[in-house]
Amino acid sequence: MKYKVGKPHYKLSFIYSFIIIFWAVFLIIYSPFSGMNICGFMLIFLIIFIFLPSMAFCNNIWEVDEYYLKYTFYNNVIDKSQAFFKTIFTRNMEYQMKIKLDKIISIHVTYEAVPMLFYGTNGYNVIFKVLMKDGSSFSFQPIVTRKRKEIIDAIEFLKSKGVIFKDKYHILDQLDKQEALSYYLEKIHGGKK
Amino acid sequence: MISIACNIQECYFEIIKKHFTSKDYYLEKFNPASYDDIYFIEINTLNDLDKIHQINRYPETLIYIIGPNDFHLLNECLTLGIHLYFEKDDLENNLHSKSKTIHQQIFTRFKTYHYKNKQMSFELRLAQIMYVESMNHKLVIHHDNGDFIERKNLSLFIKEINSSDFIQIHKSFVVNKNYIQEIKAKELILKNSTILPIGRNFKESI
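- As recorded in an unreviewed UniProt entry, chain B goes by the name HTH LytTR-type domain-containing protein, listed as coming from Faecalibacillus intestinalis.

Observations regarding the overall build of chain B
- In terms of regular secondary structure, chain B is built from six helices and 15 strands.
- When its C-alpha atoms are laid out on the principal axes, chain B stretches across 60 × 40 × 30 Å.
- Within chain B, residue pairs in contact and separated by at least 24 positions form 44% of the contacts whose partners lie at least 6 positions apart.
- Here chain B has roughly 11,000 Å² of accessible surface; of this, 48% comes from carbon and sulfur atoms.
- Distance between charge centres in chain B, computed from 25 positive and 26 negative side chains, equals 11 Å.

Some thoughts on the nonpolar core
- In this structure, Trp62(A) and Phe128(A) are the most contacted members of the largest nonpolar core, which totals 52 residues.
- Core analysis: the next-biggest nonpolar cluster, separate from the first, contains 23 residues, Phe13(B), Ile16(B), Tyr25(B) and Tyr64(B) among them.

Considerations on the packing of aromatic side chains
Residue and element names in this part refer to chain A.
- Evaluation of the coordinates by the stated rule reveals 32 aromatic pairs over all chains.
- Ring plane angle 85° and centroid distance 5.1 Å describe the contact between Phe-84 and Phe-85, whose orientation is recorded as edge-to-face.
- Taking the relative accessible area as the measure of exposure, Phe-84 reaches 2% and is therefore buried.
- When its relative accessible area of 24% is taken as the criterion, Phe-85 is described as partly exposed.

Side note on helix α4 (residues 148-160) of chain A
All names here are of chain A.
- Its 13 residues place the ends of α4 18 Å apart at the C-alpha level, agreeing with the 18 Å of an ideal helix rising 1.5 Å per residue.
- Along α4, the residues that are buried comprise Ile-151, Ala-154, Ile-155, Phe-157 and Leu-158. Burial along α4 is one-sided: seen end-on, the buried residues are contained in an arc of 160°. Facing away from the buried side of α4, by more than 90 degrees, are the exposed residues Lys-149 and Ser-160.
- Along its buried surface, α4 packs onto β1 (3-5), β2 (61-64), β5 (104-116), β6 (121-132), β8 (164-166) and α5 (171-174).

Side note on the sheet that holds strand β7 (residues 137-140) of chain A
- The mixed open sheet is built from six strands, whose spatial order is β8(A)-β5(A)-β6(A)-β7(A)-β7(B)-β6(B). Among the strands making up the open sheet, the edge pair consists of β8 of chain A together with β6 (112-116) of chain B. For this sheet the average axis-to-axis angle between neighbouring strands, irrespective of direction, equals 20°.
- Sheet analysis places β5(A) next to β8(A), joined by three bridges and oriented parallel. Bridge assignment links Ser106(A) to a residue of β8(A), and that residue is Ile164(A).

With respect to the domain arrangement of chain B
Residue and element names in this part refer to chain B.
- Partitioning chain B into domains gives domain 1 (2-110) and domain 2 (112-197).
- One C-alpha centre belongs to domain 1, the other to domain 2, and the line joining them spans 31 Å.
- Counting residues at the interface gives five residues for domain 1, matched by five residues for domain 2.
- At the boundary of domain 1 with domain 2, total buried surface from both sides reaches about 390 Å², with 34% on carbon and sulfur atoms.
- Three residues, Tyr-58, Glu-60 and Phe-110, lead the burial of domain 1 against domain 2; their summed loss comes to 76% of the area buried on that side.

Notes on the sheet that holds strand β15 (residues 195-197) of chain B
Residues and elements named next belong to chain B.
- In spatial order, the strands read β13-β14-β15; together these three strands make up an open sheet with antiparallel pairing. Since the sheet does not close on itself, it has two edges, and those belong to β13 (180-183) and β15, each with one partner. Each strand axis lies, on average, 30° off the axis of its neighbour in the sheet, ignoring direction.
- Bridge count between strand β14 (residues 187-190) and β15: three bridges; the pairing is antiparallel. By the bridge assignment for β15, Leu-188 is matched with Leu-196.

Let's talk about the UniProt feature "domain: HTH LytTR-type" (unreviewed entry) in chain B
- Feature annotation in UniProt assigns "domain: HTH LytTR-type" (unreviewed entry) to the following positions: residues 124-206 of chain B.
- Taken end to end, residues 124-206 of chain B has its terminal C-alpha atoms 25 Å apart, with 10% of it in helix and 49% in strand.

Comments concerning the pairing of strand β4 (residues 62-67) of chain B
All names here are of chain B.
- Counting buried residues along β4, six of its six residues qualify, which places the element largely inside the surrounding structure.
- Alternating residues of β4 divide into Leu-62, Tyr-64 and Ile-66 and Ile-63, Ile-65 and Gly-67, and every residue in both groups is buried.
- Note: β4 against strand β5 (residues 84-87), four bridges, orientation parallel. Note that in β5 the partner of Ile-65 across the bridge is Tyr-85.

Parameters and conventions
Residues numbered from 1 in each chain as written. Chains lettered and ligands numbered in written order. Predicted model: local features only at pLDDT ≥ 70, side-chain atom pairs only at ≥ 80, totals over all residues. Heavy atoms only, no water. Helix = DSSP H or I, 4+ residues; strand = E, 2+ residues; numbered from the N terminus. Contact = heavy atoms within 4.5 Å. Areas by Shrake-Rupley, 256 points an atom, 1.4 Å probe, with all protein chains shown as cover. Lys, Arg positive; Asp, Glu negative; His and termini not counted. Charge placed at Lys NZ, Arg CZ, Asp CG, Glu CD. Core = buried A, V, L, I, M, F, W, Y, C linked by side-chain atoms within 4.5 Å. Buried < 20%, exposed > 50% of the residue type's maximum accessible area, 1.4 Å probe, protein only. Phe/Tyr/Trp six-rings, centres within 6.5 Å; stacked < 30°, edge-to-face > 60°. Expected span 1.5 Å × (residues − 1). Arc of directions from axis to C-beta. Pairing = 2+ DSSP bridges. Axes fitted to C-alpha atoms, helices over the stretch in contact; angles between N-to-C directions. Domains from an automatic or database assignment. Buried area = accessible area lost by both parts, 1.4 Å probe. UniProt positions renumbered as here; feature names shortened; annotations may be inferred.

In structure tokens, the structure reads:
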């Protein structure tokens, strides 16, 4: 049994890519200005190797199964492009972190405030800090989708496997409520100040 | 994070808590089932030496004893491989005077390897890295806790960890010496039965 949170957006990225490729083909065929067909070819190249992979793997993905907690977030275009084509051709997703569940002591649920320059305010990210028996630690952002059920199910599964969650801000309790999580985190952050 | 387990009286626990205030340390009461990095054990008589045998230890685990000013007891403790002995009557001053040694021991034994990107980060204990594999401009770190992938080349990794515990056996493999089970002519067998190739250029260094 395994629970997956977040997934590559293949459908959406292919739809957008085809719309832009359609315009690129239009440029190549009708070439309204001299050299415009070269722009069309360039556009197709950029879409296939940069836009399509970047959009498909724009968010983090994690998964829990009987033995492992797996997580990935591709940081740059080259990684995204490689992962995209590898996943398409091999149907096998490569995770950057693969942590053995039986080596976990606890997962601390916390948050970080991220300044959002244009709005003059803070955004908030939920962070899971995984502490291991040998003293190693891992941090990652678990919330990747508005579908909270995926996250709740994955957390419940981890709990059933004996993983202890330490949630001093009661963030996990907020996951199944209607209130936006960022408002709740802002309240906590304001209270801390 | 470095975990410290204490099998001592409450008054000594408070003194140790004052000494290890940094966020990097996690103090807890002794639990025979758990594996910790540093153990503070109180020994008053020879019978208490059994407490040292109860410890779950890795090769890099540090064991510090708090005991009376008794040469015979100190001698017995040393034979059991303890790292420091503190007199309980003057624990605070003892900790203070030996703080440089303690920090040096911690620094050399519990080295970590860091990785960070926008949404994730990890801090791996070097001692538990079994081997590192270079593949398609990526590193696959095979650790006791699982596998980790990072975009980096092997020479940069070796330079960054700067540890004598690791040896390069192939242009694509670096191995932790403590995990080697057997060395053959063309391959190397690890304790978890993984077989790794030995490169011709690296034979002599092994």
